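Inside the fold
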Amino acid sequence: MAVFTAFPALAQGQAATLQEVVVTASRNDQLLGSALPHTTVISREDIERSQASDLVTLLQREAGLQRTQNGGVGSVSSVFVRGAPSLQTLVLIDGVPQNKQDASGAVSLEHLMLDNIERVEVVRGNVSAIYGSGAIGGVIQIFTKTGSSVPAATLSLEVGPRASRKISGAVSANLGNTSLSAGLARLTTDGFSSIDTAQLPSANPDPDAYRNTSSNLSLVHRLFPTHSFGIRVMQSEADTDYDNAFGAPADLQTSTTRLSQTTLFTDNTWGDWRSRLSLSEQSDKSRYQDNGFYGSKDGFTTRATVLSWVNTVGLGDTWLATAGLEQQRQHVDTSSDTYTTYSQARDTSAVFAGLEGQLGQGSVQLNVRHDKVGDLSQSTGYLGYGYPLTNQIKVTASTSTAFNAPPLGYLFAPGYGNPLLKPERARSRELGLQYEHKKQLLRATYFDTRIQDQLNYDFSTYSFANIGRTHNSGLELSYQGSLGAGDVRASLTVQDPVDEITHQRLARRAATLLSLGISHPIGRWRLGADLQYSSDRPDAFGTVNTTLAAYSVLDLSVSYRVAPTVLVKARLDNVTDKKYQTVYGYNQQARSLYMGLTWTPKL
């Protein structure tokens, strides 16, 4: 709420509405209902009530987002935002862009557990003018836990089928002018066979185990009320058993992945000027081993050093100006006992500016940015406007451009890299209608996005090339609010993501997505239900072209407050034991019951 404290006029007229604050829509704190891009927030309370264990499972409940997964928890996963692949969706952790520079280019979302996450914000649409490369489909920003004003501690245990075990603990304290938060979590499961051997008989039918240890640390010291500095550290280490569809039934495949990020930062305010300077080091280290006839030992390490300086200045009571600089050093290194390896690095730089405030009775947001990524450069812009029709109803409109620079692996991987690649470019238009009253927020957004120079693998040259053109238009509906004592979250997406060259729907994209979640307290009890629906999706494996069937999956949850400091809980995933696939040949979790306990001792 720092912006509202400094510039109170920006919060006027909001007393009767949702007080949820978001940052990602413009880089500045603002009430959720004031954000012009279609934005949703998943709070820590939402995370705990969902009882979801990993980020990918949580995100599938949001409007415009679709999950695909090659098996169970920890298996390779993708999240499509408005039909855009993972490569075109920017992931931030505490404001730091996640860069994976190998030939996959996709951030390892499957290894991000929820125990140490405070909240998640999702912004849909082209926002490269705010965040740079990759923000075509949108931005998913993850905020890790920080210190609280009063001492707190939490210990949680959970058990489930297939020898699933999870234990997590966290502490938070404020010691004078220093706040501290630390957490540690461990998840293990024997898993199930990722591949359906009836469809892909060459794979090993054994269960695919998964083990994950994640941790975070936040330490912030306040020198003066308006000046502070700190450090944030997060890490996730995962060991995964997986299946190779081109192997043999006796082959074994394993992988290890270590994600880490360390950020040093300082926040300072001088009158109407706020400034944040941060230096971050992040890495994604993955190792794969296959003992089969076509097996190998391969390693991929991505590292990025990010220096960022963001400034916000109040211009009167109703306007904010933002300006900043960003510098990155990106690296990728590979190792292999079979394939030719490579090691590459590049520098990136960016300058950006933004202006937001009141224009007449409405509100406006303007952002511009220029990025230089290696030898490539790109300028992008965002212009949005919101106009209140009544005290509760607002219409919004925006136009924007975005881009995505090819990862280093796409450019330089021996044999299939292409150093002549250009950035992917996108243009989007949106029109929205929002209703907000007390604790009800309903938003409908029509979007139209075209992407050109899309990066695809060209089978005629056996290398990556800018040969794709895609178009997606559709309608998103999102709702969050209270009905009586209960909380409701709902979303509906109707879209038409197509390849403009073949005029076919994009692989694995659904035309219709529906999500409905209800959480209702009854005395010491809380009952929850989540329903996910996806229409059919085209897919292909080798020469097999197929259609993945539509599916509906229902999850139920219950919790009981035994004492003020003790909560017991249970959830039943896939209640109807629905057999479905999000990727051809790969199984999804069957009906599964998990039970747990959370202890929050008084300190």
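Residues numbered from 1 in each chain as written. Predicted model: local features only at pLDDT ≥ 70, side-chain atom pairs only at ≥ 80, totals over all residues. Heavy atoms only, no water.

1. Side note on the overall build of the chain
A tally of helices and strands in the chain yields 5 helices and 34 strands. Here the C-alpha atoms of the chain give a radius of gyration of 23 Å, agreeing with the 25 Å that 2.2 N^0.38 yields for 603 residues. In terms of overall dimensions, the chain has C-alpha extents of about 70 × 60 × 45 Å along its principal axes. Considering the chain as a whole, with its 603 residues, one finds that 54% of them fall into the buried category. Long-range pairs, those at least 24 residues apart, make up 61% of the contacts in the chain with a sequence separation of at least 6. Carbon and sulfur atoms make up 59% of the accessible area of the chain, which amounts to about 25500 Å² in all. (Helix = DSSP H or I, 4+ residues; strand = E, 2+ residues; numbered from the N terminus. Rg over C-alpha atoms; globule rule 2.2 N^0.38 Å. Buried < 20%, exposed > 50% of the residue type's maximum accessible area, 1.4 Å probe, protein only. Contact = heavy atoms within 4.5 Å. Areas by Shrake-Rupley, 256 points an atom, 1.4 Å probe, with all protein chains shown as cover.)

2. What about the environment of leucine 455?
Along the chain, leucine 455 turns up in strand β24 (residues 440-458). A C-alpha to C-alpha distance of 25 Å links leucine 455 and glutamine 60, two positions 395 residues apart in sequence. Residues in contact with leucine 455, not counting those within four places in the same chain, are Leu87, Asn404, Pro406, Pro407, Tyr410, Leu421, Lys422, Glu424, Ala465 and Asn466.

3. Here we look at the sheet that holds strand β3 (residues 39-42)
The pairing of strands in a sheet happens through backbone hydrogen bonds and is either parallel or antiparallel. Sheet architecture is open: 5 strands sit in the order β3-β8-β9-β6-β7, paired in mixed fashion. Since the sheet does not close on itself, it has two edges, and those belong to β3 and β7 (96-97), each with one partner. When strand β6 (residues 89-93) meets strand β9 (residues 138-144), the two strands line up parallel, connected through 5 bridges. Across the sheet, threonine 89 pairs through a bridge with glycine 138, a residue of β9. (Pairing = 2+ DSSP bridges.)

4. Let's talk about the packing of aromatic side chains
The tally for this structure, following the rule as stated, stands at 11 aromatic pairs. Ring centres of tyrosine 416 and phenylalanine 464 lie 6.0 Å apart, and the angle between their planes is 65°; this geometry places the pair in the edge-to-face category. Separated by 48 residues along the polypeptide, tyrosine 416 in the loop between α5 (408-412) and β23 (424-437) and phenylalanine 464 in strand β25 (residues 463-483) bring together distant segments of the chain. Judged by relative accessible area, tyrosine 416 falls into the partly exposed class, the value being 31%. With relative accessibility at 9%, the residue phenylalanine 464 sits in the buried group. A ring pair is formed by phenylalanine 541 and tyrosine 584, whose centres lie 6.2 Å apart and whose planes are at 40°; its orientation type is tilted. Of this pair, phenylalanine 541 sits in strand β30 (residues 537-541) while tyrosine 584 sits in the loop between β33 (566-573) and β34 (592-599), and the two are 43 residues apart along the sequence. Residue class for phenylalanine 541 comes out partly exposed when judged on its relative accessible area of 23%. (Phe/Tyr/Trp six-rings, centres within 6.5 Å; stacked < 30°, edge-to-face > 60°.)

5. Quick word on the nonpolar core
One finds Leu55, Leu59, Val79, Leu109, Leu112 and Val120 to be the most contacted residues of the largest nonpolar core, which totals 23 residues. If you list the elements that add at least two residues to this core, you get α3 (55-59), β5 (77-81), β6, β8 (117-124) and β9. A per-element tally of this core places α3 first, with 4 residues. When sequence neighbours within four positions are dropped, the list of residues in contact with leucine 55 reads Leu109, Leu112, Leu114, Val120 and Ile142. (Core = buried A, V, L, I, M, F, W, Y, C linked by side-chain atoms within 4.5 Å.)

6. Structural notes on unusual backbone geometry
The phi dihedral of tyrosine 462 falls on the positive side, at around 55°, and the residue is not glycine. Mapped onto the fold, tyrosine 462 is located in the loop between β24 and β25. Phi at asparagine 574 takes a positive value of approximately 55°, unusual for a residue other than glycine. Within the secondary structure, asparagine 574 sits in the loop between β33 and β34. Relative accessible area serves as the criterion here: at 2%, asparagine 574 is assigned to the buried category.

7. Brief notes about the side chain of threonine 348
Relative to the assigned elements, threonine 348 resides in strand β19 (residues 343-359). For threonine 348, a relative accessible area of 8% gives the class buried. Look past the residues within four positions of threonine 348 in its chain and what remains in contact with it is Glu326, Gln327, Gln328, Gln330, Lys372 and Val373.

8. Focus on empty space enclosed by the protein
A water-sized probe rolled over the atoms picks out the places where empty space is left. Inspection of the entire model under this criterion finds 11 cavities of 30 Å³ or more. Estimated volume of the largest cavity: approximately 680 Å³. Every residue lining the largest cavity is counted, 43 residues in all, and those nearest its centre are Thr57, Val73, Asp573, Gln589 and Tyr594. For the lining of the largest cavity, the secondary structure elements donating two or more residues are β4 (65-69), β11 (164-175), β12 (178-189), β14 (227-242), β29 (525-534), β32 (551-563) and β33. Counting residues per element, the lining of the largest cavity draws most heavily on β32, at 5 residues. Of the residues that constitute the lining of the largest cavity, the class distribution is 11 nonpolar, 20 polar and 12 charged. When its volume is computed, the second largest cavity comes out at roughly 340 Å³. Contributing to the lining of the second largest cavity are 30 residues, with Leu90, Asn99, Gln101, Ser133 and Asn404 lying nearest its centre. Of all the elements in the fold, those that place two or more residues in the lining of the second largest cavity are β6, β18 (319-336), β19 and β20 (362-373). Its residues assigned to classes, the lining of the second largest cavity shows 10 nonpolar, 14 polar and 6 charged. (1 Å grid on protein atoms, 1.4 Å probe; cavity = no way out; pocket = protein on both sides within 12 Å on 5 of 7 lines; lining within 4 Å. Points joined across faces, edges and corners; volume = space filled by probe spheres on them. Nonpolar A, V, L, I, M, F, W, Y, C, P; charged D, E, K, R; others polar.)

9. Regarding the pairing of strand β22 (residues 393-404)
By the bridge criterion, 7 bridges tie strand β21 (residues 376-388) to β22 in an arrangement that is antiparallel. Along β22, the bridge assignment pairs glycine 386 with threonine 396. Connecting the antiparallel pair β21 and β22 is a turn made up of 4 residues. Bridging between β22 and β23 involves 12 bridges; their strand directions are antiparallel. When the sheet's bridge partners are listed, lysine 394 is paired in β23 with glutamine 434.

10. Digging into the pattern of salt bridges
Following the criterion strictly, the structure yields 27 salt bridges and no others. With a closest N to O distance of 3.3 Å, arginine 44 and glutamate 48 form a salt bridge. Taken together, the positions of arginine 44 and glutamate 48, both in helix α2 (residues 44-50) and 4 residues apart, correspond to about one turn of that helix. With relative accessibility at 48%, the residue glutamate 48 sits in the partly exposed group. The salt bridge involving aspartate 453 is made with lysine 422; its shortest N-O contact spans 3.7 Å. Residue aspartate 453 is found in strand β24, and its partner lysine 422 is found in the loop between α5 and β23; the two are separated by 31 residues along the sequence. Residue aspartate 453 is classed as buried on the basis of its relative accessible area, which comes to 13%. (Salt bridge = Lys/Arg side-chain N within 4 Å of Asp/Glu carboxyl O.)

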